[in-house]
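In case you want the letters, here they are:
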Amino acid sequence: MESHPLKGLNINASNDVFVNSVFSSEGTNLRNRSSYMSSDDDMVDITTSGTTGEGTLPTDLQYQPQDSDDIPGIGQYEDFHTIDWQRDIARDRMRHRYIIKRKQNSILDTIKGAHDAWSGWLCVLLVGLVTGTVAGIVDIGSSWMSDLKFGICPDAFWLNMEQCCWSSNETTFGGVKGNCSQWRMWSEIFGSSRVGFWAYIVSYLFFVIFALSFAALAAGLVRVFAPYACGSGVPEIKTILSGFIIRGYLGKWTLIIKSIGIMLAVSAGLSLGKEGPMVHIACCVGNILSYLFPKYGRNEAKKREILSAAAAAGVSVAFGAPIGGVLFSLEEVSYYFPLKTLWRSFFCALVAAFVLRSINPFGNEHSVLYYVEYNKPWNFFELIPFVGLGIIGGCIATIFIKANVYWCKMRKTSKLGQYPVTEVLAVTAITAILSFPNPYTRMNMSQLIYMLFSQCGVSSSDGLCDYVYVSNITVFKNTTSAEAGPGIYRAILLLILALILKLVTTIFTFGMKIPCGLFIPSLCLGSITGRIVGIGMQQLAFRYPHLWIFNGECDSSDDCITPGLYAMVGAAAVLGGITRMTVSLVVIMFELTGGVRYIVPLMAAAMASKWVGDALGKQGIYDAHIDLNGYPFLDSKEEFAHVGLAADVMQPKRGEKLNVLTQDSMTVFEVETLMKSTEHNGFPVVVSQDSQYLVGFVLRRDLILALANLKRNPELYDGNALVTFTITAPQLPPNSPPPLKLKKILDMAPITITDQTPMETVIDMFRKLGLRQTLVTHNGRLLGVITKKDVLRYIKQLDNEDPNTILFN
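The written sequence of each chain sets the order in which its residues are numbered from 1. This being a predicted model, a pLDDT of at least 70 is required before a residue's local features are given, and a value of 80 or more before pairs of side-chain atoms are given or counted; all residues contribute to the totals for chains, interfaces and linings. Only hydrogens and water are set aside when side-chain values are computed; all heavy atoms of the structure are taken into account.

K.L.:
Any chance you could explain the overall build of the protein here in plain terms?
P.N.:
Along the protein, the regular secondary structure elements total 29 helices and 15 strands. Of the roughly 33,600 Å² that the protein leaves accessible, carbon and sulfur atoms contribute 61%. Secondary structure follows DSSP: runs of H or I at least 4 residues long count as helices, runs of E at least 2 residues long count as strands, and numbering of each begins at the N terminus. Note on areas: these come from Shrake-Rupley sampling with a 1.4 Å probe, and a residue is covered only by the protein chains present in the view.

So, in structure tokens, the structure goes:
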């Protein structure tokens, strides 16, 4: 039988092993779990309730009302363990039948039944309201602190650069860049001018100092208060939604520190975004609020319905894309997504988007983040460069994934992992020093993406719009030539340098011990690539409008190519290649920009990017980090093509000893000895050692709680007492101690298979039924056990990978 990798019964020790594997602190002792674990994570206290004997321990297949004297903790799970979906769903069905049965008894029971029916909708309503509020605070805070690196508004220091300029008439794009008189640059405050060598040095210095300060504060908060607040959180959310328990990962401290830390990390100018962490933040909100409703808080399988809806709300508030958020939850993160969860996710995303729109943190009339002003139709011949952008995006994504995973492995295995704060400060310093000289890397990435998506106007002053305009005024229209001026070529050079810098810094940034997302850096890389390709296509159409590839469509119009559209398509291509999203990506992109008529180009680029990415590397960034951390995630999208039998995978192998419990012939002392000598998560119960016909399965955790409860009554504890899993105890000699009856913690209907069951069938059972383990029999006799970890190791071996990378069960 497969054992758990974390030795012993000390929950504190197991948490330390896991936390240190994902967060190696700089000389910090992380054994104080109370600093980063939520309040529901403490060891179970069984001193105040429960007695021995039959009738006190609840069974998985029998619902007991909450006011019964159950032993606390029975039926729950240890940290870093996989849940049993079938058992939890069965418990919820029993609870539901119990409520329905009592609805006719009284008006109070009828009200309780109605509350139970709509509690799910109420819970996702609260999740949407809180998530939208938190997102608004994060957006406002990160925008203000990002502009703080450049200057301050003396009349109202709480306003960012754009809001400060609203009070004057200088509301042009130049005013947003800080040229309005209301906004004071640091060089003006500590000098006399905005321009000149001294002004440049002062601005440069303040830019680097603020970046280092924000990054140091973010890393320090994560290190001290919430180690789980680092990273994007999406790989862990995927694993948790597949049925894995990580206590504290969705706790209140993680929520607080993640929200503050992501504002600081984005403001530091690092190559990261806040959109991915918003999924983690929303799931923290969902987890905390689910405890207000015992239907979800006390049932891990039901709780994941709320977490799926929360993940949809996270993407909804990150991009202003409620439909895309629902599809993201369905396609990318959720493992179990019934139809009612789809409806509730839609409602939750809608409420969250409405709240964020009411707060209006961006201060514009559009609910989308990068609204595009143009609405020109795209030409059929442009599908060729769009597909080409998809191919380029897939290649960039593959380079990023391989390099980032390699660097993260280096971080885990080298001494670098012991100094996370030092690493954050070093990367921040390098990023800030190299970013400031280039205006495209100096600005906020969201502003850069918006600039690259936008269409040039005659009054645009940016180098990207330095065209030689030749107006041909007619009665009906005013068309302009699109000949590139010298500013265009300089802008392309700066964009190429920005692309290289952003790619390299993102490789080293993603995975550091601060909150960091990957959506915005991916969109930035893709939009830079797309804009460069778009300008190239525009110049080609301008100089050679009669080429066969244009099919005569550029003869009459000098502006048949829109470079901003290419930036949008390129952004979708790189993001799709990195995350391997398809349907949800396209919906997010057109919700993000409002460019509904460009769905076909986005679809073409997304599919090309996914095909190239799958050809060059089978995993997206999130799945790669799941493998890197050794999480027990069994992907439901992958196909299994190998041939094997259950007997080849089960533990123990044929001929080896199988650790079991007997139904009525083992003493308390023998059971305790077996538990001390093994580390299994549960034990099969058989008729006897000689006749190993299966009776049922009992969890280790439930046995520990039952025996510990027995020891609370020393006058009843006797090591020679029999432990029975039957209704009637066997005949005992006179003066024998009364038996300990544990029938009610026995699962009498465990999932079983025969030793000749094909592994394809076994893997499908684990995927679709959400099994924790299955028992292997032959002619009714027990042979062994297959756990989820055994299945994952078997797949790793067949793929010629190291099976020991699976750390948890």
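Next comes the rest of the account.
K.L.:
What should I look at first to understand the packing of helix H18 (residues 445-453) against helix H20 (residues 519-543) in this one?
P.N.:
Axes are the key here: two packed helices are described by the angle between their axes and the distance separating the axes. Look at H18 against H20: their axes get within 9 Å of each other, and the N-to-C directions meet at 30°. When the axes of H18 and H20 are compared, the pair comes out roughly parallel. Regarding H18 and H20, the two cross each other, and that crossing is left-handed. Counting all contacts with H18, which are made through Met445, Ser446, Leu448, Ile449, Met451, Leu452 and Phe453, the residues of H20 involved are Ile520, Pro521, Leu523, Cys524, Ser527, Ile528 and Arg531. A class-by-class count of the residues in the contact of H18 with H20 yields 11 nonpolar, 2 polar and 1 charged. Axes, fitted as lines to C-alpha atoms, cover a helix only where it is in contact. Angles between the N-to-C directions of the axes lie from 0 to 180 degrees. Should an angle fall under 35 degrees it is called roughly parallel, over 145 degrees roughly antiparallel, and 65 to 115 degrees roughly perpendicular, with every other angle called oblique. A crossing counts as left-handed when the near helix is turned anticlockwise from the far one by less than a right angle, and as right-handed when that turn is clockwise. Pairs of residues are marked as contacts when any of their non-hydrogen atoms sit within 4.5 Å. Put simply, Ala, Val, Leu, Ile, Met, Phe, Trp, Tyr, Cys and Pro go in the nonpolar bin, Asp, Glu, Lys and Arg in the charged bin, and everything else, Gly too, in the polar bin.

K.L.:
Would you mind showing me how to read the packing of aromatic side chains here?
P.N.:
For this analysis, a ring pair means two rings from Phe, Tyr or Trp (six-membered ring only for Trp) whose centres lie within 6.5 Å, classed as stacked if their planes differ by under 30 degrees, edge-to-face if by over 60, and tilted for the remaining angles. For the structure on display, the rule yields 22 aromatic pairs. Note on Trp186 and Phe206: the rings are 5.0 Å apart at their centroids and 10° apart in plane angle, and the pair reads as stacked. Residue Trp186 is found in helix H6 (residues 186-189), and its partner Phe206 is found in helix H7 (residues 197-225); the two are separated by 20 residues along the sequence. Burial classes: relative accessible area under 20% of the type maximum marks a residue as buried, over 50% as exposed, and values in between as partly exposed (1.4 Å probe, protein chains only). Accessibility expressed as a relative area gives 10% for Trp186, which makes it buried. A ring pair is formed by Tyr228 and Tyr249, whose centres lie 5.3 Å apart and whose planes are at 50°; its orientation type is tilted. Within this pair, whereas Tyr228 is found in the loop between H7 and helix H8 (234-241), its partner Tyr249 is found in the loop between H8 and helix H9 (252-267), the two being separated by 21 residues in sequence. Classification of Tyr228 by relative accessible area gives buried; the value is 2%. Under the relative-accessibility criterion, Tyr249 is labelled buried at 4%. One aromatic cluster is present, built from ring pairs that chain together Phe150, Tyr200, Tyr204, Phe207 and Phe436. A cation sits over an aromatic face here: Arg781 above Tyr693, 5.6 Å from the ring centre. Sitting over a ring, as applied to charges here, requires NZ of Lys or CZ of Arg to be within 6 Å of the ring centre and within 35 degrees of the ring normal.

K.L.:
Sorry if this is basic, but what is going on with the sheet that holds strand S11 (residues 722-724) here?
P.N.:
The pairing of strands in a sheet happens through backbone hydrogen bonds and is either parallel or antiparallel. A sheet is described by the order of its strands in space; here 3 strands give the open sequence S8-S11-S12, paired in mixed fashion. Here the strands that pair on one side only, and so sit at the sheet edges, are strand S8 (666-667) and strand S12 (740-741). Two elements, S11 and S12, share 2 bridges in a ladder whose sense is parallel. Among the inter-strand pairings, Thr724 is bridged to a residue of S12, identified as Lys741. Strand pairing is assigned whenever DSSP identifies at least 2 bridges connecting the two strands.

K.L.:
Sorry, what's going on with the side chain of Thr593 here?
P.N.:
Examined against the element boundaries, Thr593 turns out to sit in helix H22 (residues 583-593). Looking at Thr593, its side chain comes within polar contact range of the main-chain oxygen of Met589, at 2.9 Å. By the criterion applied in these results, polar contacts are pairs of N or O atoms within 3.5 Å in which, for protein atoms, one can donate a hydrogen and the other can accept it, and in which residues neighboring in sequence qualify only through two side-chain atoms.

K.L.:
Would you take a moment to explain a nonpolar patch on the surface for this structure?
P.N.:
Where nonpolar side chains cluster on the molecular surface, the patch consists of Val224, Phe225, Trp253, Ile256 and Ile260 and spans about 400 Å² of accessible area. Counting residues per element, the ones that place at least two in the nonpolar patch are H7 and H9. Among the elements that take part in the nonpolar patch, H9 stands out by supplying 3 residues, more than any other. The residue Trp253 is located in helix H9 in this model. Surface patches are drawn from residues lacking salt bridges whose relative accessible area is over 30%; two like charges belong together within 9 Å, two nonpolar side chains (Val, Leu, Ile, Met, Phe, Trp, Tyr) within 5 Å. Salt bridges, as used here, are contacts in which a Lys or Arg side-chain nitrogen is within 4 Å of a carboxyl oxygen on Asp or Glu.

K.L.:
Would you explain the pattern of salt bridges in this entry?
P.N.:
Side chains carrying opposite charge are able to pair once their charged atoms draw close together. In this structure the tally under the stated criterion is 22 salt bridges. Arg411 is paired through a salt bridge with Glu423; the nearest N and O atoms lie 2.7 Å apart. Of this pair, Arg411 sits in helix H15 (residues 383-413) while Glu423 is found in helix H16 (residues 420-435), placing the two residues 12 residues apart along the sequence. The same class applies to Arg411 as to Glu423, namely buried.

K.L.:
Please explain the sheet that holds strand S10 (residues 694-699) as it appears in this structure.
P.N.:
Pairing in this open sheet of 3 strands is mixed, and the strands run S7-S9-S10 from one edge to the other. Edge positions in the sheet fall to strand S7 (661-662) and S10, since each has one partner strand and no second.

K.L.:
Which parts of the structure should I look at to understand H18?
P.N.:
Turn by turn, an α-helix covers 3.6 residues, leaving residues three or four places apart pointing in a common direction. The element H18 is largely enclosed, with a buried count of 7 among its 9 residues. One side-chain oxygen of the residue at the start of H18 lies 2.8 Å from the amide nitrogen of Ser446, identifying that residue as Asn444.

K.L.:
Help me understand the pairing of strand S9 (residues 682-686), please; the structure alone is not making it clear to me.
P.N.:
Looking along a regular strand, one sees side chains alternate from face to face of the sheet. Of all the 5 residues making up S9, 5 are buried; the element is thus mostly covered by neighbouring parts of the structure. Residues of S9 alternate between two faces, with Gly682, Pro684 and Val686 on one and Phe683 and Val685 on the opposite face, all of them buried. For S7 and S9, the ladder comprises 2 bridges, and the chain directions are parallel. Residue Thr662 lies in a different strand from S9, and its bridge partner there is Val686. In this sheet, S10 lies alongside S9 in antiparallel orientation, the contact comprising 5 bridges. Residue pairing in the sheet places Pro684 in a bridge with Phe697 of S10.

K.L.:
Help me out: how do you make sense of the side chain of Lys295 in this one?
P.N.:
Inspection of the secondary structure assignment puts Lys295 in helix H11 (residues 294-297). His is not counted, nor are the chain ends; Lys and Arg add positive charge and Asp and Glu add negative charge. With no salt bridge to any partner, buried Lys295 finds its closest opposite charge in Asp116, at an N-O distance of 4.0 Å. Only 3.2 Å separates the side chain of Lys295 from the backbone oxygen of Asp116, close enough to count as a polar contact. Beyond its immediate chain neighbours, meaning those up to four positions away, Lys295 contacts Asp92, Arg95, Asp116, Ser119 and Lys302.

K.L.:
Looking at this model, I keep getting lost on the state of the cysteines. Mind explaining?
P.N.:
Joining two cysteines, a disulfide is a covalent bond between their sulfur atoms. Pairs of cysteine sulfur atoms within 2.5 Å are what we label disulfides. For the structure on display, the rule yields 0 disulfides. Left unpaired, Cys284 is separated from the closest cysteine sulfur, that of Cys283, by 7.4 Å. Assessed through its relative accessible area of 0%, Cys284 is described here as buried.

K.L.:
I tried to follow the nonpolar core on my own but got confused; where do I start?
P.N.:
Generally speaking, soluble globular proteins have nonpolar side chains that are buried together. Counting residues in hydrophobic clusters, the biggest one holds 167 residues, and the most contacted among them are Met589 and Ile786. If one sorts the elements of this core by residue count, helix H21 (residues 563-579) sits on top with 11 residues. Residues within four places of Met589 in sequence aside, it is in contact with Phe453, Leu523, Met568, Ala571, Ala572 and Leu602. Put simply, buried Ala, Val, Leu, Ile, Met, Phe, Trp, Tyr and Cys residues joined by side-chain atoms within 4.5 Å make one nonpolar core. Val668, Leu710, Val723 and Phe725 belong to the second largest nonpolar core, which has 21 residues in total.

K.L.:
Hey, could you run me through unusual backbone geometry in this one?
P.N.:
Omega for the peptide link from Gln651 to Pro652 comes to -5°, which places this bond in the cis form. Relative to the helices and strands, Pro652 is located in the loop between helix H25 (646-649) and S7. Phi at Phe80 takes a positive value of approximately 65°, unusual for a residue other than glycine. With respect to the element layout, Phe80 can be found in the loop between helix H1 (11-22) and helix H2 (85-102). Of the residues examined, Phe80 reaches a relative accessible area of 0% and is grouped as buried. The backbone phi angle of Arg580 is positive, close to 65°, even though this residue is not glycine. Mapped onto the elements of the fold, Arg580 is located in the loop between H21 and H22.

K.L.:
Explain the packing of H15 against H21 here, please?
P.N.:
As a packed pair, H15 and H21 sit with axes 7 Å apart at the nearest point and diverge in direction by 40°. Comparing their axes, H21 and H15 come out oblique. Crossing hand, H15 versus H21: right-handed. For the pair formed by H15 and H21, the contact residues are Pro385, Phe386, Leu389, Gly390, Gly393, Ile396, Ala397, Phe400 and Ile401 on the first element and Leu565, Tyr566, Val569, Gly570, Ala573, Val574, Gly577 and Ile578 on the second. By residue class, the composition of the contact of H15 with H21 is 13 nonpolar, 4 polar and no charged.

K.L.:
I keep staring at the confidence of the model for the protein and nothing clicks. Help me out?
P.N.:
A low pLDDT means the predicted coordinates there should not be read in detail. Per-residue confidence from the predictor is given as pLDDT, running between 0 and 100. Mean pLDDT over the protein works out to 81, with 85% of the residues at or above the 70 mark. Overall, residues 1-70 carries pLDDT values under 50, and its contacts beyond four positions in sequence, including any with other chains, amount to 164 contacts. Here residues 171-178 is a poorly scored stretch, pLDDT under 50, and it has 14 contacts once near neighbours within four places are set aside; other chains count.

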